[in-house]
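# Architecture at a glance
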Number of protein chains: 2
Amino acid sequence: METLSTNRSHGGTQGVYRHQSSATRTAMTFSVFVPDHAPGARLPVVWYLSGLTCTHANVTEKGEFRAACVEHGVIFVAPDTSPRGAGVPDDAAYDFGQGAGFYVDATQEPWAAQFRMRTYVEEELPALLAARFPVDMDRQGITGHSMGGHGALTVALRQPGRFRSVSAFAPIVSPLACPWGEKALGGYLGADREAWRAYDACALIADGARLPDLLVDQGTADGFLEEQLRTQLLAAACEAAGQPATIRMQEGYDHSYYFISTFMPEHVAWHAARLRA
Amino acid sequence: METLSTNRSHGGTQGVYRHQSSATRTAMTFSVFVPDHAPGARLPVVWYLSGLTCTHANVTEKGEFRAACVEHGVIFVAPDTSPRGAGVPDDAAYDFGQGAGFYVDATQEPWAAQFRMRTYVEEELPALLAARFPVDMDRQGITGHSMGGHGALTVALRQPGRFRSVSAFAPIVSPLACPWGEKALGGYLGADREAWRAYDACALIADGARLPDLLVDQGTADGFLEEQLRTQLLAAACEAAGQPATIRMQEGYDHSYYFISTFMPEHVAWHAARLRA
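Below you will find a few notes about this structure. Since we're looking at a predicted model, the values are computed, not measured.

Now for the overall build of chain A. Helix and strand counts for chain A come out as nine helices and nine strands. Taken over the C-alpha trace, chain A has a radius of gyration of 17 Å; the compact-globule value for 277 residues is 19 Å, and the two agree within 12%. In chain A, which comprises 277 residues, the share counted as buried stands at 62%. The long-range share in chain A, meaning contacts at least 24 apart out of those at least 6 apart in sequence, stands at 72%.

Laid out in structure tokens, this is it:
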């Protein structure tokens, strides 16, 4: 693991790191913010999965999470959204290929060899984090934005008990039921829609998976709400399944980091309350 | 004036605007954040002048000022750092020409016709702001970073009584006494160093100008501290002149927005306390 940069910020250290991933067969870059802490202490960790076109850098620069992480003593980790580079397959569209891994393990060519973001965020990066950073892996929370909200929900739903806290900003709640999802899952997983259900929060809940609890913020002025995000499908799935969920429609907010940064401190506090309980 | 974007954020509106400037003879872009407020209310305003290479966008995206501005009911304005565009003179270096206006009215060719950032930030943009936004121009504060810290200090020192509050992040405190300043003021104003004194905070203080008060934060790990910023010259000038100043050396912080965003809420609160007194 190589340290690309460290910056002191808000009473902690914001680092950016790179390592050679076995899951994606590429170099992968991620960021970790570690609040100052007592020697030997291990802190709870919140994972943040980013949206389409993003790298670790978007939330790291614009997410406004650091003050809240220091206040609550929480480490914040932001992976990239796909493998990248000259030797990695890509697509000209912004919503498929590099920058659009959808947190799946692809089974279709030419993606299957490297687009293995599920394995990367569920196994490889957590192992690296546990080995190299002062994290308490018994106290993990997960959140994300848009495609990364989809990632956070599905990663948590597939692993009961692993995450004590789950939230999302403007998540894609059902790739089975939106153009972004149909394109990506069809491309990465093939035409068999049954295989998609492991990557669809609403389907996972309908199939019996549960979260400890859930906080979702969604802007009413988000241009992707109606066609792609479809928050009401998640509300309905939670209601039908008896899944506790706090889903907040935020008046006038859009899909940008101006929205995310507004509610980030509340999300960090919400995670911290569950991770420190 | 053209509205380029507005985004709801933190309980207010972050806007980005463009207008045709008479001072620079170019289109100029700036950002304004306006907290929600009662109809007809006019709010105090804090000006933020940016550093070398920056536009309005850097602080707007990374400055983490909005939560504090809403808490304190303060409008936040971020101008660009120079005229820009194909017809505007430039220099290949990052520290001269476009992105490096140093908040002066240039007298030397080819800069004199358009590099008039002093007139722009002191006269033209304030008049536009007063006409188009709900600002109380009797309650203005000013701050800035690096070259913009120099701008904030000198703009305020030249206009006694105009600003009720003044602060700076890692300011260039004496262009007369650092390579960045000697290059820029020499290039924009010519060889007569007497003409530079109106653009040098330490010289202005030595020549009798005063601020109501002053807050400065400076990181000890800032790579520009020793050669370019030279905070100790400002401390000495204030001490010699009896100018009240709180100059804080922040251990381990560098020159980046990771530093600025850390102390931004304290600066906004410091301005608000004086603007709302």
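Read on, since the account is not over.
Before going further, it helps to spend a moment on helix α9 (residues 257–275) of chain B. Residues and elements named next belong to chain B. Of all the bends in α9, the greatest reaches close to 45 degrees and is centred on M264; the proline P265 follows between one and four positions later. Of all 19 residues in α9, 14 are buried; the element is thus mostly enclosed. For α9, the N-terminal capping position is held by S256, with its side-chain oxygen 3.1 Å away from the main-chain nitrogen of Y258.

This brings us to the packing of aromatic side chains. All names here are of chain B. According to the stated counting rule, one finds 36 aromatic pairs over all chains in the structure shown. Aromatic side chains Y17 and F30 sit 5.7 Å apart centroid to centroid with 35 degrees between the ring planes, which places their arrangement in the tilted category. Taken together, the positions of Y17 in strand β2 (residues 12–20) and F30 in strand β3 (residues 27–35) put the pair 13 residues apart, joining distant regions of the chain. On the accessibility criterion, F30 (0% relative accessible area) is buried. Consider the rings of F115 and Y188, whose centres lie 5.6 Å apart with planes at 20 degrees: the pair is stacked. Residue F115 is located in the loop between β5 (75–78) and α3 (117–132), and its partner Y188 is located in helix α5 (residues 179–189); the two are separated by 73 residues in the primary sequence. In this pair, the class of F115 matches that of Y188, namely buried.

It is worth spelling out the sheet that holds strand β9 (residues 246–250) of chain B at this point. Residue and element names in this part refer to chain B. Taken in spatial order, the nine strands make up an open sheet running β1-β2-β3-β5-β4-β6-β7-β8-β9, and their pairing is mixed. Bordering the open sheet on either side are β1 (2–9) and β9, each of which pairs with just one other strand. On average, each strand axis in the sheet is inclined to that of its neighbour by 20 degrees, with strand direction left out of account. Pairing geometry for strand β6 (residues 135–144) and strand β7 (residues 165–169), over two bridges, is parallel. Counted as the bridge partner of I142 is V166 from β7. α3 contacts β2, β3, β4 (43–49), β5 and β6 of the sheet and is inclined by roughly 50 degrees relative to β3. Sitting on the sheet, α9 is in contact with β4, β5, β6, β7, β8 (215–219) and β9, with an inclination near 175 degrees to β7.

Glancing now at the sheet that holds strand β7 (residues 165–169) of chain A. The strand order β1-β2-β3-β5-β4-β6-β7-β8-β9 (chain A) describes an open sheet built from nine strands, whose pairing is mixed. Edge positions in the open sheet fall to β1 (2–9) and β9 (246–250) of chain A, since each of these has one partner strand only. When the angles between neighbouring strand axes are averaged without regard to direction, this sheet yields 20 degrees. Strands in contact with helix α4 (residues 147–157) of chain A are β4 (43–49), β6 (135–144) and β7 of chain A; relative to β6(A), the strand with the most contacts, it is inclined by about 135 degrees. Running at roughly 25 degrees to β1(A), α9(B) makes contact with β1 and β2 (12–20) of chain A of the sheet.

Residue and element names in this part refer to chain A. Bridging between β1 and β2 involves seven bridges; their strand directions are antiparallel. Each residue of the ladder has a partner; that of T6, found in β2, is G15. Between β1 and β2, which pair antiparallel and follow one another directly, the connecting turn spans two residues, one of which, H10, has a positive phi of 55 degrees.

With that settled, consider the pattern of salt bridges. Within the structure shown, the criterion is met by 28 salt bridges over all chains. B:R158 is paired through a salt bridge with B:E122; the nearest N and O atoms lie 2.7 Å apart. A residue pair is termed long-range when its members are at least 10 positions apart, and B:R158 in the loop between α4 (147–157) and β7 and B:E122 in helix α3 qualify at 36 residues. Each member of the pair, B:R158 as well as B:E122, is classed as buried. Linked through salt bridges whose partners overlap, the residues forming this network are A:R118, A:E122 and A:R158.

Let's shift gears to unusual backbone geometry. Among all residues except glycine, the phi angle is most often negative; among peptide bonds, the trans geometry is most common. For the bond from A:E109 to A:P110, the omega torsion is 0 degrees, close enough to zero to count as cis. The topology assignment puts A:P110 in the loop between β5 (75–78) and α3 (117–132).

Thresholds applied
Residues numbered from 1 in each chain as written. Chains lettered and ligands numbered in written order. Predicted model: local features only at pLDDT ≥ 70, side-chain atom pairs only at ≥ 80, totals over all residues. Heavy atoms only, no water. Helix = DSSP H or I, 4+ residues; strand = E, 2+ residues; numbered from the N terminus. Rg over C-alpha atoms; globule rule 2.2 N^0.38 Å. Buried < 20%, exposed > 50% of the residue type's maximum accessible area, 1.4 Å probe, protein only. Contact = heavy atoms within 4.5 Å. Bend = angle between axes of the 7 residues up to and from the residue. Polar contact = N/O pair within 3.5 Å; in protein donor to acceptor, adjacent residues only side chain to side chain. Phe/Tyr/Trp six-rings, centres within 6.5 Å; stacked < 30°, edge-to-face > 60°. Pairing = 2+ DSSP bridges. Axes fitted to C-alpha atoms, helices over the stretch in contact; angles between N-to-C directions. Salt bridge = Lys/Arg side-chain N within 4 Å of Asp/Glu carboxyl O.

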